[in-house]
Amino acid sequence: MPSALAASSLSRLLGIWNHGVSPAYRELAQVIRLLILDGRLPLGTALPSERSLAETLGLSRTTVTAAYAELRREEFIAGPQGGRARTCVPGTLGSSYSATRQNARPPTAKSHRAMGDGGTYLSAAVGLSGAPGLAPPEGVIDLAYASLPASGEVVHRGFAAALTELPALLPGFGYDALGLPALRQAVADYYAAQSVPTDASQLIITSGAQHALNVILRTFAGRGAKVLVDHPSYPNALDAINAAGCRALPVPLAKDPNQGWDVPALEEALAQHKPALAYLVPDFHNPTGRLMTDSQRRRVVRAAAASGTVLVIDETLREVNLDGVSAAPMSSFGTEVLSIGSLSKSHWAGLRVGWIRASSATIQRLAAARTPMDLGGPVVDQLAATHLVRELREPLPARLNQLRRNRDSLMELLAEHLPTWRPERPGGGLTVWCALPGELSTALTVLGPEYGIRLAAGPRFGIGGAFERHLRLPFTLPAEQLREAVLALKEMQARLETAPKLRASLSKSSTQDITERPAAIA
């Protein structure tokens, strides 16, 4: 999404907005407000001038002026009347937009001291006990993590074989910044089987996908560099971009889940901003579960090449294909695509082995950038991973069948107990992305530990406080725990709806503490 939005682009985002149920300026302000809260208008975006928007929408300038005035009063835009207004959220910006705030991370639950129904304070320790990235207390249902237990016998067999092969490697030093040759060849064969011819020299083995992204950022993106991202996106990737001193450039997904990605917006952002990197999750996107079509992939690769942008594709969820809908790997559409993969979602997150596929020359650059961080990955894990990659799909049928049942069970539970929620049915991946009936996400997350569940708030998946009207729910837990969690969410929502002081207090805390960085989640 460009930082300066043309009137025609805003008109496309607005869609059909004037239903005649209230004055036009109020309806216009309401739709723009929802676009900001849902992350489709990133914070800091300069809106079109009143005159140009009025002409594009066929309205009087007075109507647009009144809509902007209402948004200024509610602190959803900042800037003087008649000047270029920029989007913001209440309580965070004041009269001007801060680039630091744009990349601010949303609040941790521990920062909230929420006023209860009778005026008492909820303990900050309630939030701390539910901080994502830390082991949950016993008895707490963990919905902050979207990961599966190990694929039992398969993983155990891989490590057993690794231990038998280890003695042959002990005379060596054990360092290899590129990774074990046998594992690199196994991953190359995996790509070749998907009609993407790959040589072992086109691969570097990393300590998981997160490590792979950090190596790429270190290689291609200096401090202050722009990195285009999906919006919403994977929280740990946003953290890595922020920690590298880069500036995330969010481009919203399409409003219609069936359309997947807003490719015209991606093309516009790439052409206008020419970011150093673009990080995308086209294969069962985290958190929405969407799958990018082949035609969209081709356009994105072409647009990235034209802008000189290094295209980084996260494929960690590619094998978690629940509906059997296929799409070609992104690397089949361009030779300069950097593909990240790992075994964390298909086999076990405790197996910290990932990889990057790129051109041979790029792999050498990545290896040189890696060595100041580490000198190579654990040898035993790589030996085990070699066996697992060679038989990559062995554990998948049973795991996918269970995930399909869990997904369908969660969707049914939501429809029965939370009918005002709008969950997006994923074709793959491990999570359901839910649109909430109001700005409830952070409040639900803070209350969660009190009801025995741990959540990751919607703003954790966006930039600058977006997605307060969304919540990600994984379906990796047993059906009985999913039912218990949904019933708890139902109770929590009912409590918030009948306790306006509690809800308002939590919402206020959310905006005041928006710059606090939360712990990692998966």
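Now for a description of the structure that goes with this document. Every value quoted in this text rests on a predicted model; they were computed, and no experiment measured them.

Calculation rules
- Residues numbered from 1 in each chain as written.
- Predicted model: local features only at pLDDT ≥ 70, side-chain atom pairs only at ≥ 80, totals over all residues.
- Heavy atoms only, no water.
- Buried < 20%, exposed > 50% of the residue type's maximum accessible area, 1.4 Å probe, protein only.
- Helix = DSSP H or I, 4+ residues; strand = E, 2+ residues; numbered from the N terminus.
- Pairing = 2+ DSSP bridges.
- Axes fitted to C-alpha atoms, helices over the stretch in contact; angles between N-to-C directions.
- Contact = heavy atoms within 4.5 Å.
- Parallel < 35°, antiparallel > 145°, perpendicular 65-115°, else oblique.
- Left-handed = near helix turned anticlockwise from the far one by under 90°.
- Nonpolar A, V, L, I, M, F, W, Y, C, P; charged D, E, K, R; others polar.
- Salt bridge = Lys/Arg side-chain N within 4 Å of Asp/Glu carboxyl O.
- Phe/Tyr/Trp six-rings, centres within 6.5 Å; stacked < 30°, edge-to-face > 60°.
- Polar contact = N/O pair within 3.5 Å; in protein donor to acceptor, adjacent residues only side chain to side chain.
- Core = buried A, V, L, I, M, F, W, Y, C linked by side-chain atoms within 4.5 Å.

## Let's talk about the pairing of strand S7 (residues 277–280)
Thought 1: Along S7, one buried face is formed by Leu277 and Tyr279 and the opposite face, lined by Ala278 and Leu280, is buried too.
Thought 2: Pairing between strand S5 (residues 226–231) and S7: three bridges, direction parallel. Considered in S7, the bridge of valine 229 is made with tyrosine 279.
Thought 3: Where S7 lies against strand S8 (residues 310–314), four bridges are found, and the strand directions are parallel. Note on S8: the bridge partner recorded for leucine 280 is isoleucine 313.

## Brief notes about the sheet that holds strand S10 (residues 354–357)
Thought 1: The strand order across the open sheet formed by seven strands is S4-S10-S9-S8-S7-S5-S6, and the pairing between neighbours is mixed. What marks the edges here is a single partner per strand, and that holds for strand S4 (203–206) and strand S6 (247–252). This sheet shows a mean twist of 20 degrees between the axes of neighbouring strands, independent of strand direction.
Thought 2: Both S4 and S10 contribute to a ladder of four bridges, which runs antiparallel. Bridge pairing in S10 places isoleucine 205 opposite tryptophan 355.
Thought 3: The sheet strands contacting helix H13 (residues 360–370) are S4, strand S9 (338–342) and S10, and the helix crosses S4 at an angle near 30 degrees.

## Examining the packing of helix H9 (residues 209–220) against helix H10 (residues 235–243)
Thought 1: It is the contact of H9 with H10, at a shortest axis distance of 10 Å, that shows an interaxial angle of 30 degrees. Judged on the interaxial angle alone, H10 and H9 are roughly parallel. Considering how the two elements wind past one another, H9 and H10 form a crossing that is right-handed. Taken together, the residues of H10 that come into contact with H9 (itself represented by Gln210, Leu213, Asn214 and Leu217) are Asn236, Ala237, Ala240 and Ile241.
Thought 2: Residue composition of the contact of H9 with H10, grouped by class: five nonpolar, three polar and no charged.

## Quick notes on the pattern of salt bridges
When their charged atoms lie close together, side chains carrying opposite charge are able to pair.
Thought 1: For the structure shown, the criterion picks out 19 salt bridges.
Thought 2: Residue arginine 12 is joined to aspartate 262 by a salt bridge in which the shortest nitrogen-to-oxygen separation is 2.9 Å. Here aspartate 262 lies in the loop between S6 and helix H11 (263–273) and arginine 12 lies in helix H1 (residues 7–14), a separation of 250 residues in the sequence.
Thought 3: You can call arginine 12 partly exposed: its relative accessible area is 41%.
Thought 4: Between aspartate 142 and arginine 454 there is a salt bridge, with the nearest N and O atoms lying 2.4 Å from each other. Here arginine 454 lies in strand S13 (residues 453–454) and aspartate 142 lies in strand S3 (residues 141–142), a separation of 312 residues in the sequence.

## Some details on the packing of aromatic side chains
Thought 1: The final tally for this structure, using the stated rule, is four aromatic pairs.
Thought 2: With centroids separated by 5.4 Å and ring planes inclined at 65 degrees, the aromatic side chains of tyrosine 190 and tyrosine 191 adopt a geometry described as edge-to-face. Both residues of the pair, tyrosine 190 and tyrosine 191, belong to the buried class.
Thought 3: A ring pair is formed by tyrosine 190 and tryptophan 355, whose centres lie 6.4 Å apart and whose planes are at 65 degrees; its orientation type is edge-to-face.

## Looking at the sheet that holds strand S12 (residues 431–435)
Thought 1: Taking strand neighbours across the sheet as the criterion, the three strands line up as S11-S12-S14 in an open arrangement whose pairing is antiparallel. Only two strands of the sheet have a single neighbouring strand rather than two, namely strand S11 (422–424) and strand S14 (470–474). Between one strand and the next, the sheet's axes are offset by a mean angle of 30 degrees, whatever the strand orientation.
Thought 2: Pairing geometry for S12 and S14, over five bridges, is antiparallel. Opposite cysteine 434, over in S14, you have leucine 471 as the bridge partner.
Thought 3: Where helix H15 (residues 396–417) meets the sheet, it contacts S11, S12 and S14, and its direction lies at approximately 20 degrees from that of S12.

## Quick word on the side chain of aspartate 374
Thought 1: The residue aspartate 374 is located in the loop between H13 and helix H14 (379–390) in this model.
Thought 2: You can call aspartate 374 buried: its relative accessible area is 18%.
Thought 3: Among the polar contacts listed, one links the side chain of aspartate 374 to the side chain of arginine 370, at a separation of 2.8 Å.
Thought 4: In this structure, aspartate 374 is in contact with Ser207 and His211, ignoring residues within four places of it in sequence.

## Side note on the nonpolar core
Thought 1: In terms of nonpolar packing, the biggest core is built from 40 residues, with Leu414, Trp421, Leu444, Leu455, Leu473 and Leu489 touching the most fellow members.
Thought 2: Mapped by element, the contributors of at least two residues to this core are H15, S12, helix H16 (441–447), S14 and helix H17 (479–498).
Thought 3: Core analysis: the next-biggest nonpolar cluster, separate from the first, contains 33 residues, Ile216, Ala248, Tyr279 and Ile340 among them.

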